[in-house]
Amino acid sequence: MTIFKRSYQSYGTRRIRFALQQAGISVSRRYIARVMKSLSLVSKYTIKRYRGYQIASNSAVTANHLQRQFDVGTKQ
C-alpha cells in the first residue's frame with residue numbers, strides 16, 4: 001500500500017510487483033490485484049476516461065450538380 005501511495009496512485013500490479021521484487025518480496029500479480037481490489041485501490045492509468053470530440057456537421061449545403069429538383073421541408 002505504501003508503494004501505491006508513494007507513486008501518487010499511478011502504480012498498477014506490474015510496477016508494484018517489480019518494486020516488491022526489488023525489495024526481495026516474491027508475490028504474484030494476481031495476489032497484488034486481489035489486495036488492491038479489496039482495498040479499493042485503482043491505478044490512475046487503468047481508469048478509462050471518456051473524451052468528447054467535435055465532428056463535422058452533416059447539415060452543410062451541397063451544390064446541386066445534377067440539377068435535381070428537391071422539395072426540402074422543415075424538420076419535425
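Residues numbered from 1 in each chain as written. Predicted model: local features only at pLDDT ≥ 70, side-chain atom pairs only at ≥ 80, totals over all residues. Heavy atoms only, no water.

Focus on the confidence of the model for the protein chain
Part 1 of the argument: Within the protein chain, residue pLDDT values average 81, and 83% of them lie at 70 or more.
Part 2 of the argument: Helix α1 (residues 2-6) is the least confidently modelled element of the protein chain, averaging 81 in pLDDT, while helix α3 (residues 29-38) averages 91, the highest of any element. (pLDDT = per-residue confidence, 0-100. Helix = DSSP H or I, 4+ residues; strand = E, 2+ residues; numbered from the N terminus.)

What to know about the side chain of Ser7
Part 1 of the argument: Positionally, Ser7 belongs in the loop between α1 and α2 (13-22).
Part 2 of the argument: Overall, the relative accessible area of 10% leaves Ser7 in the buried class.
Part 3 of the argument: One polar contact links the side chain of Ser7 to the main-chain carbonyl oxygen of Phe4, over a distance of 2.9 Å.
Part 4 of the argument: Here Tyr11 takes part through its backbone nitrogen, which lies 3.2 Å from a polar atom of the side chain of Ser7. (Buried < 20%, exposed > 50% of the residue type's maximum accessible area, 1.4 Å probe, protein only. Polar contact = N/O pair within 3.5 Å; in protein donor to acceptor, adjacent residues only side chain to side chain.)

What to know about a positive patch on the surface
Part 1 of the argument: There is a patch of like positive charges on the surface, built from Arg14, Arg17, Arg29, Arg30 and Arg34.
Part 2 of the argument: Those elements that place two or more of their residues in the positive patch are α2 and α3.
Part 3 of the argument: The greatest single-element share of the positive patch, amounting to 3 residues, is contributed by α3.
Part 4 of the argument: Position of Arg17 among the secondary structure elements: in helix α2. (Patch = residues over 30% accessible without salt bridge, like charges linked within 9 Å, V, L, I, M, F, W, Y side chains within 5 Å. Areas by Shrake-Rupley, 256 points an atom, 1.4 Å probe, with all protein chains shown as cover. Salt bridge = Lys/Arg side-chain N within 4 Å of Asp/Glu carboxyl O. Lys, Arg positive; Asp, Glu negative; His and termini not counted. Charge placed at Lys NZ, Arg CZ, Asp CG, Glu CD.)

Quick look at the nonpolar core
Across soluble globular proteins, you tend to see nonpolar side chains buried next to one another.
Part 1 of the argument: Counting residues in hydrophobic clusters, the biggest one holds 7 residues: Ile3, Phe4, Ile16, Leu20, Ile32, Met36 and Leu41.
Part 2 of the argument: Phe4 has contacts with Gln9, Ser10, Tyr11, Ile16, Met36, Leu41, Val42 and Ser43, leaving out every residue within four places of it along the chain. (Core = buried A, V, L, I, M, F, W, Y, C linked by side-chain atoms within 4.5 Å. Contact = heavy atoms within 4.5 Å.)

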